[in-house]
Amino acid sequence: MPESTDQFPVTWDDPADALRHWEFDPMHAPDVITPLGFELLDEQFLKGFGLGTDVRLVNHYMFMHVELDATPPPRSFEDMLKGLAAAWPQWQNRILPEVKRYIERYRTTDFDAMSNADLSSEIDRLLDTRKRQGQLHTQAVMPWFGAMNLLLDAFRKLTQGSFLDATRLVQGHGNKSVEAGRKLWKLSRIADSIPAVRERILDVTPETARQTLDALESDPDGRLFLSAFSKYLDDYGWRSDLFDFSMPTWAENPSIPLSQLRAYLEMEDYDPDRELDRQRHERVQAIQVTLAVVEPEDRRRFEDVLEVATSLSPLQEDHNFYIDQRLAFTPRRLVLAIGRRLTSDGHIDDPPDVFYLRVSHVRAALNSESDDYRNVVEGYKKDMARWAEAKPPTYIGASRPTGISGFSLFDGRNHFRADQPNVLKGNPSSPGTASGPARILMNLSQADRLKPGDVLVARTTMPAWTPLFGVASAIVVETGGVLSHAAVTAREYGIPAVLGVANATTAIRDGQLLEVSGSEGRIRIL
């Protein structure tokens, strides 16, 4: 097991934890996490997953333990398909309506009007909601994994084709992440039709975003655009850069979608509807070719698998949109209302400082059990700044149990070795070849640097990054496999993607010309 070092010491509150495997998740939480963000989002949400999931915050980095010992009882192929076929109606008729009820409550409730006692009770309610959110997440996404793994395994067995080739059979059906990008592009068409709006957005920077919106508000033509922009943010803006509860969403800080609107205005020949039609045409052709090579006695069973996988294909990104983003971040309205209350009562200096407290601190402050938490806030801020410079280990505690693959097609944790100089390798995740200058983005605050035709190079991407896929010529990411968010989205946008490329953001220099082969999982530095 990794030993504690001066660079990353580990202290175990329970000695038994040192005997368990705790894995760092750079795909969802690559950075340090605030104490309240961990307690009010990550901790209870992940514990709600089931599978013996547990989580710890160590030096402000999140490590997760999952028990994968239980072997599910054997099921016939027919029973398996029957169970998977029921998943889409279950999502539409039971899971999604429940999720939407939670979202609507956190999106519309006037938390500022509540008493301190009521706000304290809301914390308990949110903790219960987070655990339920995790349960609903598992119920939604596990059937998708089951159906996709079934399809990929059947395709490889019956055609000797690759997993990547199998994904073409379910591309082009659309999903909420792609829809958000298409709606933003349509919003850019409104901006393009109003000269004053087009001019201002083409000049926008993250630093001038607020001034741009204020200027448009004073212009009658600008107000027409702002009405549509406001609706977009309400419908699609409750999303954040990474899975970090302390980070403002697009709805709160619209500089990121404004930067994407500017990029779309610079792309005169881009048309997402045309791209979607192309994806659908390729899907139909791929299905025809596949069925032609499958032996007649296997065809009916394969068609049944394909039918189930097709029905569930939107679930990966739709659950991301509703559960992992919208429900994850609308409760920021509650937490920031508490922050404003603690600020007005003199406990902290600024509402967002509330994220640098723990739940116990917040409860005590709301109950007037303590007066001043400024030193606590400053202590956590300094601690996080120090640990932000550290490189967390891939795991702590016991070594990863042998024979446990987990969700390897999702997390893509393979170890690739390049056999040539100036070549990097990773998981082939979206087909095609493209060239362009590398643009290394560590987070979405840098999104304005991405220009049409650039190769997006990142540590990880979350659903809020989706509109960037319409700007980039190719995607290179340090995390992820063929079933990850970045892979699914890149295929829907029809651009090459190589994922799971170790140390891509350091091995590649910003501006270097790259050739990306998504089919071969290869990046050549030209």
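Placed above this text is the structure.
Residues numbered from 1 in each chain as written. Predicted model: local features only at pLDDT ≥ 70, side-chain atom pairs only at ≥ 80, totals over all residues. Heavy atoms only, no water.

## Some details on the nonpolar core
In plain terms, the rule: Residues belong to a common nonpolar core when they are buried Ala, Val, Leu, Ile, Met, Phe, Trp, Tyr or Cys residues joined through side-chain atoms within 4.5 Å. Relative accessible area decides the class of each residue, using a 1.4 Å probe on protein chains only: under 20% of the type maximum gives buried, over 50% gives exposed, and in between gives partly exposed. In DSSP terms, a helix is any run of H or I states spanning at least four residues, a strand is any run of E spanning at least two, and both are numbered starting from the N terminus. Contacts between residues were defined by any pair of non-hydrogen atoms, one from each residue, lying within 4.5 Å.
Grouped together as the largest cluster of nonpolar side chains are 136 residues, with contacts concentrated most on Phe 225 and Trp 465. Of all the elements, helix H4 (residues 116–159) adds the most residues to this core, at 16 residues. Not counting chain neighbours up to four residues away, the residues in contact with Phe 225 comprise Leu 187, Ile 190, Ala 191, Ile 194, Val 197, Ile 201, Leu 216 and Leu 261. Grouped together as the second largest cluster of nonpolar side chains are 16 residues, Ala 474, Val 476, Val 501 and Ile 525 included.

## What about the packing of aromatic side chains?
Rule in force here: Only centres within 6.5 Å qualify two rings of Phe, Tyr or Trp (six-membered ring in Trp) as a pair; their planes then separate them into stacked at under 30 degrees, edge-to-face at over 60, and tilted for everything else. Two conditions define a charge sitting above a ring: the NZ of Lys or the CZ of Arg must be within 6 Å of the ring centre, and it must be within 35 degrees of the ring normal.
Applying the stated criterion across every chain, the model contains 21 aromatic pairs. With a centroid separation of 5.7 Å and an interplanar angle of 70°, the aromatic rings of Phe 8 and Trp 387 are classed as edge-to-face. With Phe 8 in the segment before strand E1 (21–24) and Trp 387 in helix H16 (residues 374–387), this pair connects stretches of sequence that are 379 residues apart. Here the two residues Phe 8 and Trp 387 agree in accessibility, since each one is buried. A centroid spacing of 5.8 Å and a plane angle of 10° characterise the contact between Tyr 264 and Tyr 270, whose relative ring orientation is stacked. Comparing Tyr 264 with Tyr 270, the two get one shared label, buried. Each member of the aromatic cluster is reached from another via a ring pair, and the members are Phe 8, Phe 24, Tyr 61, Phe 63 and Trp 387. Lying over the aromatic face of Phe 321, Lys 176 brings its terminal NZ or CZ to 5.0 Å of the ring centre. Between the NZ or CZ atom of Lys 381 and the centre of the ring of Tyr 356, over which it lies, the distance is 5.3 Å.

## Things to note about the sheet that holds strand E3 (residues 61–65)
Going by this rule: In this scheme, strands are said to pair when DSSP sees at least two bridges between them. Note on geometry: axes are lines fitted to C-alpha atoms, helical ones only across the stretch in contact, with angles between N-to-C directions running from 0 to 180 degrees.
Taken in spatial order, the four strands line up as E2-E3-E1-E4 in an open sheet, and their pairing is antiparallel. Bordering the open sheet on either side are strand E2 (54–58) and strand E4 (395–397), each of which pairs with just one other strand. Taken over all neighbouring pairs, the strand axes of this sheet differ in orientation by 30° on average, direction set aside. Of the strand pairs in this sheet, E1 and E3 are connected by two bridges, and their pairing is antiparallel. Paired with Glu 23 across the bridge in E3 is Met 64. In the packing of helix H1 (residues 35–47) onto the sheet, the strands contacted are E2 and E3, and the crossing angle to E2 comes to about 150°.

## A word on H16
To keep it simple, the criterion reads: By definition here, a helix of n residues has an expected span of 1.5 Å times n minus one. The arc in question is the one traced by the directions running from the helix axis out to the C-beta atoms.
With 14 residues, H16 should reach 20 Å at 1.5 Å per residue; the first-to-last C-alpha distance of 20 Å fits that figure. Taken together, the buried positions of H16 are occupied by Val 377, Met 384 and Trp 387. Viewed end-on, H16 has its buried residues packed into an arc of 105°, placing them on one side of the element. In H16, the exposed residues that point more than 90 degrees away from the buried face are Asn 375, Lys 382 and Arg 386. As for H16, its buried residues are in contact with H1 and E3.

## Description of a nonpolar patch on the surface
The test is simple: Think of a patch as exposed residues, more than 30% relative accessible area, with no salt bridge, where like charges cluster within 9 Å and nonpolar side chains (Val, Leu, Ile, Met, Phe, Trp, Tyr) cluster within 5 Å. In short, Shrake-Rupley with a 1.4 Å probe defines the accessible areas, and a residue's cover is counted only from the protein chains shown. Every case where a carboxyl oxygen of Asp or Glu lies within 4 Å of a side-chain nitrogen of Lys or Arg is listed as a salt bridge.
Taken together, Leu 51, Met 142 and Phe 407 make up a surface patch of nonpolar side chains, about 240 Å² in accessible area. Relative to the elements of secondary structure, Phe 407 occurs in the loop between E4 and helix H17 (408–411). Overall, the relative accessible area of 32% leaves Phe 407 in the partly exposed class.

## Details of the pattern of salt bridges
Inspection of the entire model under this criterion finds 38 salt bridges. Put simply, Arg 301 and Glu 78 hold a salt bridge, and the shortest N to O gap is 3.7 Å. With a gap of 223 residues between them, Arg 301 in helix H12 (residues 296–312) and Glu 78 in helix H2 (residues 77–85) connect regions that are remote in the sequence. The residue Arg 189 makes a salt bridge to Asp 192 at a minimum N-O spacing of 3.8 Å. Of this pair, Arg 189 and Asp 192 both sit in helix H6 (residues 176–193), three residues apart, which is roughly one turn of the helix. The class of Arg 189 is partly exposed, set by a relative accessible area of 28%.

## Details of the environment of Glu 104
Along the polypeptide, Glu 104 turns up in helix H3 (residues 87–108). Overall, Glu 104 belongs to the partly exposed group, its relative accessible area being 38%. Along the backbone, Glu 104 and Arg 326 are 222 residues apart, and their C-alpha atoms lie at a distance of 9.8 Å.

## Considerations on unusual backbone geometry
Notably, His 60 is not glycine yet its phi reads approximately 70°, a positive angle. Within the secondary structure, His 60 is located in the loop between E2 and E3. Here the phi dihedral of Gln 160 falls at roughly 60°; this positive angle occurs in a residue that is not glycine. Considering the arrangement of structural elements, one finds Gln 160 in the loop between H4 and helix H5 (163–167).

## Quick look at the sheet that holds strand E8 (residues 455–458)
Ordered in space as E5-E12-E11-E7-E8-E9-E10-E6, the eight strands form an open sheet in which the pairing is mixed. Two strands bound the open sheet, and with one partner strand each, they are strand E5 (423–425) and strand E6 (427–430). Across the sheet, the axes of successive neighbouring strands diverge by a mean angle of 30°, strand direction being ignored. When strand E11 (residues 513–517) meets strand E12 (residues 522–525), the two strands line up antiparallel, connected through four bridges. Within E12, the position partnered with Val 516 by the bridge is Ile 523.

## Points about the environment of Gly 518
On the secondary structure map, Gly 518 appears in the loop between E11 and E12. Counting along the chain gives 511 residues from Gly 518 to Gln 7, while the straight-line C-alpha distance between them is 36 Å. The contact partners of Gly 518, leaving out residues within four places of it in the chain, are Leu 164, Pro 428, Ser 429, Ser 430, Pro 431, Gly 432, Pro 496, Ala 497 and Val 498.

## Topic: the side chain of His 361
With respect to the element layout, His 361 can be found in helix H15 (residues 359–366). The contacts of His 361, once residues within four sequence positions are left out, are Tyr 373, Val 376 and Tyr 380.

## What to know about H12
An α-helix turns once per 3.6 residues; consequently, residues spaced three or four apart project the same way. The end-to-end C-alpha distance of H12 is 25 Å, a good match for the 24 Å that 17 residues give at a rise of 1.5 Å each. Phe 302, Val 305, Leu 306, Val 308, Ala 309 and Leu 312 are the residues of H12 that are buried.

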